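In case you want the letters, here they are:
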Amino acid sequence: MKYHIVTFGCQMNVHDSEKIAGILEEKGYEVTDKKEDADIIVFNTCAIREGAEDRVFGNVGALKKMKRERPSLIIAVCGCMTQKQETAEKMKAKFPFVDIIMGTFNMTKLSEYIDRVREQKKRLLELYEEGDIDELLPYKRTSGDNAWVNIMQGCNNFCTYCIVPYVRGREKSREEESILKEIKELVATGQYKKITLLGQNVNSYGKDLKEPVSFAKLLSDICKIEGDFKIWFMTSHPKDLSDEVIDVIAKEDKILKDIHLPAQSGNNRILALMNRKYTREKYLEIIDKIRAKIPNCRITSDFIVGFPTETEEEFNDTYSLIEQVRYDSIFAFIYSPRIGTVASKMEGQIDEKVKHERVNKLLKLEKKIQKEDNKK
Ligand code: SAH
Ligand code: SF4
Ligand code: F3S
């Protein structure tokens, strides 16, 4: 019996897929890289932009013929996209050949769902509203010498464009002890040279614990673990990146000098509309601090162009921020309205053509900066 997993979206999803693989291997399945050879195909989906959702519908839809020819094939869809009730229902109605539809919080029940589908020969749609990180399930790690380590789940920030808080729930940190234990075990295998800590906003790690622990403390405690390994983490929210965290990164050799610090926009009115809770000036202050304390630190960022009501001048502020910071690399995204978010209901949605022009300008600028800096 063989399984094939198709993963969309961010590193969190990549890591969740390692859990899905763990569940399936415990059940006796073996991995295959060919859908044609699989007895179960799992799609782990992303809802961040419309394009991501369209790709999932396209990919799942393409399996219709395969399922007709091989009715015993089980098709499951899980993740952020199907965590939304409407989308899950749409998926169920549109693709009668999909057997299992579940969300992010009940993904760990996959094994039980497979048994139910096999025994009852009935389709199944099940979503939970919240859930804890299940620490007991094994991961089948697939990222070479890098090991992903979840330190928290969810997000409390509700940036007005973003679907994540609706599909991943509120921030929940893992106990420090349990994170340290996991990393110690990973390092002891000798196989993992890079430990990547994952969370939507790692800088607010530990604030929700009964006995709060700061992200800076977690980092320095991880550095005390003996062994030859490096630590990286993502994502940092500028509003929560403390001086202590910058100091720890500067001090500890084990921490990679590489910070992903999404700015999203360089204009204060847009930043406020996005509910980002910092200004351009505050953001630049943090960049200055990083540059002063951590020479040659790699800095990268995400940007969204065409947020509702963004004018050409306001877009130019984003352009000039990138020119000023001279990032090592950026991700530039076209704003995509997500149903249920505050921004999707705002007046003044921007024309698609204008959004494309703006994103292309940013990507051209990124290339220009990289070329100049590479020359240096
Ligand atoms: N938690 C991280 C990243 C979350 S999603 C953070 O706060 O930075 C990754 C990136 O997707 C975001 O940084 C943002 O640039 C982009 N993004 C999120 N929602 C989007 C939307 N509706 N349209 C376009 N890009 C979006
Ligand atoms: Fe989305 Fe903002 Fe949370 Fe990041 S911090 S996941 S962009 S709501
Ligand atoms: Fe990640 Fe996409 Fe979900 S970016 S958290 S997989 S919506």
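Here the residue numbering is sequential within each chain, running from 1 through the sequence in written order. All chains are assigned letters beginning at A, and all ligands numbers beginning at 1, according to the order in which they are written. It should be noted that, the model being predicted, local features are given only for residues of pLDDT at least 70 and side-chain atom pairs only at 80 or more, the latter also being counted only at that level, while totals for whole chains, interfaces and linings use all residues. Think of the side-chain values as coming from all heavy atoms in the structure, minus any hydrogens and water.

### Looking at helix H5 (residues 110-120)
Link 1 in the chain: Only protein chains enter the area calculation, which uses a 1.4 Å probe; residues under 20% of their type maximum are buried, those over 50% are exposed, and those in between are partly exposed. What counts as a helix is a DSSP run of H or I of at least four residues, what counts as a strand is a run of E of at least two, and both are numbered from the N terminus. Residues Leu 110, Tyr 113, Ile 114 and Val 117 constitute the buried set of H5. Down the axis of H5, the sector holding all buried residues measures 105 degrees, keeping them to one side.
Link 2 in the chain: Pairs of residues are marked as contacts when any of their non-hydrogen atoms sit within 4.5 Å. On its buried face, H5 sits against helix H1 (11-26), strand S3 (40-45), strand S4 (74-79), strand S5 (100-102) and strand S6 (124-126). Note that the arc is computed from the directions linking the helix axis to the C-beta atoms.

### Points about the pattern of salt bridges
Link 1 in the chain: Here, a salt bridge means any side-chain nitrogen of Lys or Arg that lies within 4 Å of a carboxyl oxygen of Asp or Glu. Under the defined criterion, the tally for this structure stands at 33 salt bridges.
Link 2 in the chain: The shortest N-O distance in the salt bridge between Asp 16 and Arg 168 comes to 3.0 Å. Of this pair, Asp 16 sits in helix H1 while Arg 168 sits in helix H6 (residues 164-168); the two residues are 152 residues apart in sequence, bridging distant segments of the chain.
Link 3 in the chain: Using a relative accessible area of 10% as the deciding quantity, one classes Asp 16 as buried.
Link 4 in the chain: When its relative accessible area of 11% is taken as the criterion, Arg 168 is described as buried.
Link 5 in the chain: Here Lys 193 ties to Asp 228 by a salt bridge, and the two come within 3.9 Å at their closest N and O atoms.

### Examining the sheet that holds S3
Link 1 in the chain: Strands are labelled as partners when DSSP assigns at least two bridges between them. The parallel open sheet is built from six strands, whose spatial order is S2-S1-S3-S4-S5-S6. Across the chains shown, the open sheet's two edge strands, defined by having one partner strand only, are strand S2 (30-31) and S6.
Link 2 in the chain: Pairing geometry for strand S1 (residues 2-7) and S3, over five bridges, is parallel. Within S3, the position partnered with Thr 7 by the bridge is Asn 44.
Link 3 in the chain: The convention used is that axes are lines fitted to C-alpha atoms, helices contributing only their stretch in contact, and that angles between N-to-C directions extend from 0 to 180 degrees. Seen against the sheet, H1 touches S1, S2, S3 and S4 and runs at an angle of roughly 170 degrees to S1.

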